[in-house]
Amino acid sequence: MFNVEDIRKDFPILARKVNGKPLIYLDNAATSQTPQQVIDAIVDYYANSNANIHRGVHKLSQEATDLYEAARKKIQTHFNAQHAHEIIFTSGTTHGINLIANGFSSLLKQGDEIIVSALEHHSNIVPWQMLCERTGATFKVIPMNAEGELVRSAFDALLSENTKLVFVNHISNALGTINPISYFIEKAHAVGAAVLIDGAQSAPHIKPDVQALDVDFYVTSAHKICGPTGVGMLYGKEEWLNKLPPYQGGGEMIAEVTFEKTTYADLPHKFEAGTPNICGGIAFGAALDYMNAIGFDTIAAYENELLNYATTLLLQIEGLKIYGTSSQKTSVISFNLEGIHPYDVGTILDKLGIAVRTGHHCAQPIMDYFKIPGTVRASFAFYNTKAEVDALVEGIKKAKMMLS
């Protein structure tokens, strides 16, 4: 049985105070909090198994290697990749996207086209713009509508035999929209294009099956899924990863080095130059263990309950407008109070111990579409409560009274 009060006991930070008030943490779309079980995995590694991996014959190195590769296997199982070597450890979602963008620099040419969606985080826009500048490829955008949904018919019209790559986020970080990625993947594959899905916002709420999706690349970050910062995952189909050149040169990613020629290691090491974030990878695995023990269906059901509860209450506040009203969305609410800057609302909420995000959320084109400078974003996780939603609503009412 899911008991949110029991769950909250796993998160030490939720017991602290901010500005003399109990912390109400509603910035989960930026980063999730870390349970004691993951903190313990980090401490245990440094206390008992700290050593460099893969190259050592001594006991500690072998232990660290086993722990790190066991974490890779956990990630493979969680995302249902066919092979463990299709899982590349990265520093996060941005690193994974740039790795793929760099690789396609040698595969694209002038006249080729790539398509991104209007709902993307800057991390899934800028690298592709840079790729087009390097290669002469054309950059195209799937438009959105007023509900914060991508226009499928417009995407269909953009596709052609020149389309080589399509990039869509699974869930919008700014609006919470859950995109119909199976549709985009199927349509892109029909014209021979590869697809990368940004899963940074979906991984905390949905358990993706990369084989069932038939996606070519899927990227995410551990810190969105109760893990540490500085580590993430790139899934890539084996055939694609074998086509792409290494992203960085250095130790670990080589088979043989001479001054005349260097040959590269097999997957996954070809893309993992240098000493990795060993502890981070191990803790990533521990975070997935923790969330799977709760169950992603259970998490999704509870978070959807919080979303509906919060949406109903917030819409009762006169002058409050919610941006992103798709019927398919996750526990993110972006809103503004009429005539009040979002930064000012966020500042007052902080004084009340309520942590929200304000600004354009690294999704400036979305804000430009709505002709606003930004929003206040409250994003809920499975350790939040309805009482915290009530406190948010009262905090917004107070901010409105003070700022109007």
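Residues numbered from 1 in each chain as written. Predicted model: local features only at pLDDT ≥ 70, side-chain atom pairs only at ≥ 80, totals over all residues. Heavy atoms only, no water.

A. Highlighting the environment of valine 116. Structurally, valine 116 is set in strand 5 (residues 113-117). Between the C-alpha atom of valine 116 and that of valine 168, which follows or precedes it by 52 residues, the distance is 6.0 Å. Apart from the residues within four sequence positions on either side, valine 116 is in contact with Asn124, Trp128, Phe139, Lys140, Val141, Ile142 and Phe167. (Helix = DSSP H or I, 4+ residues; strand = E, 2+ residues; numbered from the N terminus. Contact = heavy atoms within 4.5 Å.)

B. Examining the side chain of glutamine 33 more closely. Within the element layout of this structure, glutamine 33 appears in the loop between strand 3 (24-25) and helix 2 (36-49). Look at glutamine 33 and you get buried, because its relative accessible area is 12%. In contact with glutamine 33, other than residues within four places in its own chain, are Phe11, Ile13, Tyr25, Cys226 and Tyr383. (Buried < 20%, exposed > 50% of the residue type's maximum accessible area, 1.4 Å probe, protein only.)

C. Expanded view of the sheet that holds strand 7 (residues 163-169). Spatially, the seven strands line up as an open sheet ordered 4-10-9-8-7-5-6, and their pairing is mixed. Single-partner strands in this sheet number two, and they are strand 4 (87-90) and strand 6 (138-142). Put simply, the sheet's adjacent strands are angled 20° from each other on average, direction ignored. As defined by bridge partners, strand 5 adjoins strand 6 across five bridges and the pair is classed as parallel. Paired with glutamate 113 across the bridge in strand 6 is threonine 138. (Pairing = 2+ DSSP bridges. Axes fitted to C-alpha atoms, helices over the stretch in contact; angles between N-to-C directions.)

D. Focus on empty space enclosed by the protein. Inspection of every chain in the model, using the stated rule, returns one cavity of 30 Å³ or more. When its volume is computed, the largest cavity comes out at roughly 120 Å³. For the lining of the largest cavity, the class distribution of residues is nine nonpolar, six polar and two charged. The residues that make up the lining of the largest cavity include at least three from each of domain 1 (4-30 + 296-403) and domain 2 (39-293). (1 Å grid on protein atoms, 1.4 Å probe; cavity = no way out; pocket = protein on both sides within 12 Å on 5 of 7 lines; lining within 4 Å. Points joined across faces, edges and corners; volume = space filled by probe spheres on them. Nonpolar A, V, L, I, M, F, W, Y, C, P; charged D, E, K, R; others polar. Domains from an automatic or database assignment.)

E. Quick look at the pairing of strand 10 (residues 232-236). The buried fraction of strand 10 amounts to five of the five residues, a majority that puts the element mostly inside the structure. Neither face of strand 10 is exposed, since Gly232, Leu234 and Gly236 on one face and Met233 and Tyr235 on the opposite face are all buried. Summarising the sheet, strand 4 and strand 10 pair through four bridges and their orientation is antiparallel. Bridge pairing in strand 10 places phenylalanine 89 opposite methionine 233. As paired elements, strand 9 (residues 217-221) and strand 10 share five bridges and run antiparallel to each other. Along strand 10, the bridge assignment pairs valine 219 with leucine 234.

F. Here's a closer look at helix 12 (residues 342-351). Along helix 12, the residues classified as buried are Pro342, Val345, Gly346, Ile348 and Leu349. Each buried residue of helix 12 lies within a common arc of 165° when the element is viewed along its axis, so the set occupies one face. In helix 12, the exposed positions angled more than 90 degrees off the buried face are occupied by Tyr343 and Lys351. In this fold, the buried residues of helix 12 make contact with strand 14 (332-337), strand 15 (354-355), strand 16 (357-359), strand 17 (375-379) and helix 14 (386-403). (Arc of directions from axis to C-beta.)

G. Highlighting the domain arrangement of the protein. Assigned domains of the protein: these are domain 1 (4-30 + 296-403) and domain 2 (39-293). The C-alpha centroid of domain 2 is placed 28 Å from the C-alpha centroid of domain 1. Taken together, the 34 residues of domain 1 in the interface contact 33 residues of domain 2. Between domain 1 and domain 2 the total buried area reaches about 2600 Å² when both faces are included, carbon and sulfur atoms providing 60% of it. The tally of links between domain 1 and domain 2 comes to zero salt bridges. Our count for the contact surface shared by domain 1 and domain 2 stands at 17 residue pairs in polar contact (both at pLDDT 80 or more). At the level of elements, helix 11 (296-314), strand 14 and helix 13 (364-370) are the ones that each hand at least two residues to the side of domain 1 that touches domain 2. Looking at the side of domain 1 that touches domain 2 element by element, the count peaks at six residues for helix 13. (Buried area = accessible area lost by both parts, 1.4 Å probe. Salt bridge = Lys/Arg side-chain N within 4 Å of Asp/Glu carboxyl O. Polar contact = N/O pair within 3.5 Å; in protein donor to acceptor, adjacent residues only side chain to side chain.)

H. Seen up close, the environment of isoleucine 396. Here isoleucine 396 shows up in helix 14. Judged by relative accessible area, which is 0%, isoleucine 396 ranks as buried. Along the primary structure isoleucine 396 and methionine 233 are separated by 163 residues, whereas in three dimensions their C-alpha atoms are 37 Å apart. Look past the residues within four positions of isoleucine 396 in its chain and what remains in contact with it is Leu314, Ile317, Leu320, Phe335, Leu337 and Leu349.

I. Fine view of the environment of proline 180. Within the secondary structure layout, proline 180 lies in the loop between strand 7 and helix 7 (181-190). For proline 180, a relative accessible area of 28% corresponds to the partly exposed category. For the pair proline 180 and serine 106, spaced 74 residues apart in sequence, the C-alpha to C-alpha distance is 30 Å.

J. Geometry of the pattern of salt bridges. Throughout the structure, instances matching the rule amount to 14 salt bridges. Of the charged contacts in the structure, one is a salt bridge between lysine 9 and aspartate 6, with a shortest N-O distance of 3.7 Å. Residue arginine 72 pairs with glutamate 69 through a salt bridge whose shortest N-O separation is 2.8 Å. One end of the pair is arginine 72 and the other is glutamate 69, both in helix 3 (residues 59-79) and three residues apart, which spans about a single turn. On the basis of relative accessible area, arginine 72 is assigned to the buried category, the value being 1%. Through salt bridges with shared partners, a single network forms among Asp27, Arg357 and Arg377.

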